[in-house]
Protein chains: 2
Amino acid sequence: MKLLRVDMTSHQTRWEAMPEIYQHLGGRALIARLMLEEIPATCDALGPHNKLIFSPGLLGGAGVTAAGRLSVGGKSPLTGGVKEANAGGTGGDTLGRLGIKAIVVEGQPKQGEFHLLHIKGDAAELLPADEVRGLGTYATSEKLQAQFGADCLVISIGPAGEFLMRGAGIASTGEREQRSNHAARGGLGAVMGSKGLKAVIIEKPFGNAIPFADAKLVQTAARAFAQKLINDPKLGTQGSQHLYGTASIVAAVNEMGSLPTRNFGSGIFEQAADLRGEHMREVILAREGKIGTRCMPGCVIACRNQYVDEAGMPVVGTMQYETIALVGSNLGISSLDDVARLNYSCNDFGLDTIETGAALGVAIEAGLAEYGNMESIVALLNQVGEGTVTGRMIGNGAVTTGQVLGIRRVPAALGQAMPGYDPRSLKGNGVTYATSPQGADHTAGNAFGARKEVNPLGIQGQKELSLKLQIIAAMLDSTGLCLFARPPILADPQLMVDMLNGIYGWGWTKEDYDRANREVLRAELEFNRRAGLTQADYRIPEYMREEPLAPHNVVFDVPDAELDAVFNTL
Amino acid sequence: MKLLRVDMTSHQTRWEAMPEIYQHLGGRALIARLMLEEIPATCDALGPHNKLIFSPGLLGGAGVTAAGRLSVGGKSPLTGGVKEANAGGTGGDTLGRLGIKAIVVEGQPKQGEFHLLHIKGDAAELLPADEVRGLGTYATSEKLQAQFGADCLVISIGPAGEFLMRGAGIASTGEREQRSNHAARGGLGAVMGSKGLKAVIIEKPFGNAIPFADAKLVQTAARAFAQKLINDPKLGTQGSQHLYGTASIVAAVNEMGSLPTRNFGSGIFEQAADLRGEHMREVILAREGKIGTRCMPGCVIACRNQYVDEAGMPVVGTMQYETIALVGSNLGISSLDDVARLNYSCNDFGLDTIETGAALGVAIEAGLAEYGNMESIVALLNQVGEGTVTGRMIGNGAVTTGQVLGIRRVPAALGQAMPGYDPRSLKGNGVTYATSPQGADHTAGNAFGARKEVNPLGIQGQKELSLKLQIIAAMLDSTGLCLFARPPILADPQLMVDMLNGIYGWGWTKEDYDRANREVLRAELEFNRRAGLTQADYRIPEYMREEPLAPHNVVFDVPDAELDAVFNTL
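Residues numbered from 1 in each chain as written. Chains lettered and ligands numbered in written order. Predicted model: local features only at pLDDT ≥ 70, side-chain atom pairs only at ≥ 80, totals over all residues. Heavy atoms only, no water.

Re the overall build of chain A
Point 1. Looking only at helices and strands, chain A features 23 helices and 17 strands.
Point 2. For chain A, the spread of C-alpha atoms along the principal axes amounts to about 55 × 50 × 50 Å.
Point 3. A buried classification covers 65% of the 570 residues belonging to chain A.
Point 4. For chain A, the proportion of contacts with a sequence separation of at least 24, taken over those separated by at least 6, is 70%. (Helix = DSSP H or I, 4+ residues; strand = E, 2+ residues; numbered from the N terminus. Buried < 20%, exposed > 50% of the residue type's maximum accessible area, 1.4 Å probe, protein only. Contact = heavy atoms within 4.5 Å.)

So, in structure tokens, the structure goes:
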């Protein structure tokens, strides 16, 4: 197992044996530790001292279903703290098979200089990026796959990342025609841009599955895990998550009054029915698009879709709940076709749809476009690609947009836009937004799934719930597991322990595993502390504590003392 | 002595006897204490919980020369911490004579609603601002003086404040034709805008001089003070500060390699001679403009000028060093006429010339205009008045402009643009920028005057010097004294103690006085701590620690430990 260091200042690459301190770590856990060890916490996130880290989860390359997500990390230019974002596609599996535990991109080239990182077997070199400079992520991956092979993995940024926009994400290819995989959050695309790295290309052959310390133990646990996923009523072939994907929750979030609507001005959208996953499935099937596709090869859940237009032409490789909420109801848009169009543009520019949807909502509140008026919204979003000042403002996310336009109602925590759950009516998410070292994030500890266990409108039990979910999120992001695939592991953690022990021969107990997951959060909180972030930076915006949200007319009223106590038992 | 509370939510005003805890305080000291007592430190600076405070210094209204500055304060939307900015003009004297220790503007009206606060004798009421809405500060004060009397005091914001731009300041009238007085820094104009307060009008009669506990003591000390100013070789009628005003230092700052040039890209400007105060005096005299005017009636220093154009028409009421540096050399501009033109626009829009000059420098680095090309720079600045997105970006200051445009080289500390001294070659100022609770500020503890005592390029002695200067600055800003007028007080603090005891009968010793001055900084640091600001927020930007500055090829290398130790002996 090895680590690839890429020095953008000297244009040198260097393979390293995996340092001892990083041995038991993968994905988000490795990123957190490496950041603590190697990145000065107060550094300029877009300067030479930040690092951009790609790392597969611990299960990456082991052939475990739904466990091949690729983590990307570094200091976030948006939150000023630690950031890990991950994506499906073939990245986690590819790096895992190649025995690459991490690619660490360091230093900084001259301004305006862009490179490609090309990896083939043991060869890793930087090439000029002139031919794809300025291209969107779709054209970039197409062009590079045409040049290096249709099966190669391409991880790239679009114009948003090149322009150092802090709403920029990183796109990754998957299996053929599965291009829409984005490690979207926290502005890591801008960090990649600041490194002058336009794309990473990894050529086939990707190597075999990683060697196992105890192959039988892996196989037994992995098979049991897969079978439990198949048997899960929500995940199996008749389950809502398989049938409708993440969009299955549109109706439920709307009914609970938590669906971001018109810049988080309401929790209920009168046209939410048109955005429901059930409706999306009908539309896609009627147009002969695809349902039940996968972001990761071999995934038994297959929750993905390929959204097509009226002519049956593919628009985006998958339409997800967060996108539907943030560029749909949050902008007063009720047409899935319109959502898909905005989604495509964000993907192509290399922008996080959550951050961008929130920024557009703020811009609409300032009068730069109109809710529900696609033409005005498209005109605004297209400026991102044109690199106008307005486009750069939008591409820099909700907080910057609010600052420039003088808008107080900016749905963000720790500088990062909130995902598709208003914290006033799903207070568990509010607690996570206001305490997670990752800032407001849909995967850092999402309480939506627990809405029947803990009253989403109450305060009682939220801090315990949030902590539990944040620890689970750390586990998922460190193993490469999909959020949807967590139920069997939560029901029987020994399954995960067995898979890890089978692969690595660590002889871990469940306690070791629990400790490792908690340690991720501890390391991240410590990095943020060193970066100078305090409770004041994490809080839910003032207006959400004072302006009641329809239909429940609730404010975010979890006391600061409760928030400050979340990690007391970490 | 009384305090006026103005509730913008209910549109009510209320006179209050001066609360006991504020009795011994004025100006900046009163603002700091009132903020600690009354403003939740983590509040939204542009929301209803922030307060905007006007307060004369302790000498305000006592008829002491050069001591009538008016302080304005509140939580800064730019730094996220405490902010006090002060201006000359007749504001400090007027409020002092009326026995008004503070006007505290609270709450928030409906969005888009603007009012005037009208004070005449004991009557204080809010009036609609419709007739001056959207006007620049010049037209606003002209119109209001036409309506309420040519002698009335008008304190106003321009479009920048109305648009909540965080580079907005607050303008105040002075004696007739003396309109250019600005409490410019920290975005307090945006706070005034967020309160929906377009202007404050105070009608004559302003009342008599404040009553004295011991008139003889006041007179003796005040006369001695004035005489010492007159006798000071720098301040007297043949002194450089009288002859050339603050612009007297252009040549010296350039020679020490600290003159911000082309976005702080160099410390030396090849055309600095054209910007010198000596040259400005010649130009003004040749055009029959005015030299030796005063911002405050009765000032014996009379350092001000009225800059006129080639036709002899007044452009700005005074051209000051910071403006010449920030919109002159920092933008590659060597013509005083051009500087004056930019100065006028900033004044009229109600923008801080320091923040705006720095923002324009950053924008030029990003390619939005060209150094030295007036047409391109004017086109950019004019957009502030038009309220375009580009204009709003510029008006929000250097940090926001850098964020939007993806520029790392942003000369700012604590979110606020640096004034006209590069901290790399005047390290004492760097220490102040990086530790003052006010952020990078030209009056918070300026080491330029001490350049012969402490080597500006060395580290030794800087932290002691900065602390000493910061305490002096707190004294000046709390008494209403002009920075130029400090030498007699520094040489003999008893002079100030006598004036205060004579006015108020406090029986203070020099120790009481010293403690009071230090207490200002302690209160401000405590407010900032509560606001969540940490050392990481205060630091000099990374690039200034790594990119050498011509001509001395120096970086800012004062160790963090030295910075963190500045207040150890406070």
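Examining the packing of aromatic side chains
Working definition: an aromatic ring pair is given by the centre-to-centre distance plus the angle between the planes.
Point 1. Scanning all chains against the criterion turns up 10 aromatic pairs over all chains.
Point 2. When the centroid spacing of 4.7 Å and the interplanar angle of 40° are considered together, the rings of A:Trp506 and A:Trp508 count as tilted. Exposure class is identical for A:Trp506 and A:Trp508. Each is buried.
Point 3. For the ring pair B:Tyr504 and B:Trp506, a centre distance of 4.5 Å and an interplane angle of 10° mean the geometry is stacked. With respect to class, B:Tyr504 is no different from B:Trp506; both count as buried.
Point 4. In this structure an aromatic cluster arises from ring pairing among A:Tyr321, A:Tyr421 and A:Phe448.
Point 5. Above the face of the A:Phe448 ring, A:Arg451 is positioned so that its terminal group lies 4.0 Å from the ring centre.
Point 6. B:Lys2 extends its terminal NZ or CZ atom over the ring of B:Trp15, reaching a point 4.2 Å from the ring centre. (Phe/Tyr/Trp six-rings, centres within 6.5 Å; stacked < 30°, edge-to-face > 60°. Lys NZ or Arg CZ within 6 Å of the ring centre and 35° of its normal.)

Quick look at helix α15 (residues 398-405) of chain A
Helical geometry note: an α-helix holds 3.6 residues per turn, so side chains three or four residues apart project in the same direction.
Point 1. The buried count for α15(A) comes to six of eight residues, which makes it a mostly enclosed element.
Point 2. Among all positions in α15(A), only A:Ala398, A:Thr400, A:Thr401, A:Gly402, A:Val404 and A:Leu405 are buried.
Point 3. Considering only its buried residues, α15(A) is in contact with α12 (353-365), α14 (389-395) and β17 (416-417) of chain A together with α14 (389-395) and α15 (398-405) of chain B.
Point 4. Positioned one or two residues after α15(A), A:Gly406 has a phi angle of 70°, which is positive.

A word on the relation of the copies chain B and chain A
Point 1. Superposing chain B onto chain A takes a rotation of 180° combined with a translation of 0.0 Å along the rotation axis, leaving an RMSD of 0.0 Å. On the angle and the small slide along the axis, the relation comes out as a two-fold axis.
Point 2. Mapped onto chain A, 100% of the interface residues of chain B are again interface residues, and the two copies thus contact each other with one and the same surface. (Least-squares fit on C-alpha atoms with pLDDT ≥ 70 in both.)

Some words on the sheet that holds strand β14 (residues 304-308) of chain B
All names here are of chain B.
Point 1. The three strands are arranged β13-β14-β15 in an open sheet whose pairing can be described as antiparallel. The open sheet has two free edges, formed respectively by β13 (290-293) and β15 (314-316), since each of these has just one partner strand. For this sheet the average axis-to-axis angle between neighbouring strands, irrespective of direction, equals 40°.
Point 2. Docked against the sheet, helix α9 (residues 277-286) engages β13 and β14, running at close to 60° with respect to β14.
Point 3. Helix α11 (residues 336-349) rests against β14 and β15 of the sheet, and its axis sits at about 70° to β15. (Pairing = 2+ DSSP bridges. Axes fitted to C-alpha atoms, helices over the stretch in contact; angles between N-to-C directions.)

Points about the pairing of strand β3 (residues 52-56) of chain B
All names here are of chain B.
Point 1. Buried residues dominate β3, accounting for five of its five residues.
Point 2. Bridge count for β3 against strand β6 (residues 100-106) is three bridges, and the pairing is antiparallel. From the neighbouring strand, Ile 53 faces β6, where its bridge partner is Val 104.
Point 3. In this structure, β3 lies alongside strand β4 (residues 70-75), joined through four bridges in antiparallel fashion. Note that in β4 the partner of Ile 53 across the bridge is Gly 73.

What to know about the pattern of salt bridges
Residue and element names in this part refer to chain A.
Point 1. A full pass over the atoms with the stated rule returns 74 salt bridges over all chains.
Point 2. Note that Arg 545 and Asp 560 form a salt bridge whose closest N and O atoms lie 3.0 Å from each other. Highlighted residues: Arg 545 in helix α22 (residues 542-546) and Asp 560 in helix α23 (residues 560-564), separated in sequence by 15 residues.
Point 3. A relative accessible area of 35% means that Asp 560 is categorised as partly exposed.
Point 4. Here the salt bridges do not stand alone but share partners, grouping Arg 5, Arg 14, Glu 16, Glu 38, Lys 51 and Glu 106 into one network. (Salt bridge = Lys/Arg side-chain N within 4 Å of Asp/Glu carboxyl O.)

Observations concerning empty space enclosed by the protein
Space left empty within the atom packing is revealed by a probe, the size of a water molecule, rolled over the atoms.
Residues and elements named next belong to chain B.
Point 1. Here the structure, examined in full by the defined rule, presents eight cavities of 30 Å³ or more.
Point 2. When its volume is computed, the largest cavity comes out at roughly 80 Å³.
Point 3. Along its surface, the largest cavity is lined by His 24, Leu 25, Ala 29, Leu 58, Ser 478, Thr 479, Leu 500, Trp 508, Tyr 513, Ala 516, Asn 517 and Val 520.
Point 4. Going through the elements one at a time, α17 (462-479) and α20 (510-530) are the ones with two or more residues in the lining of the largest cavity.
Point 5. The element that contributes the greatest number of residues to the lining of the largest cavity is α20, accounting for four residues. (1 Å grid on protein atoms, 1.4 Å probe; cavity = no way out; pocket = protein on both sides within 12 Å on 5 of 7 lines; lining within 4 Å. Points joined across faces, edges and corners; volume = space filled by probe spheres on them.)

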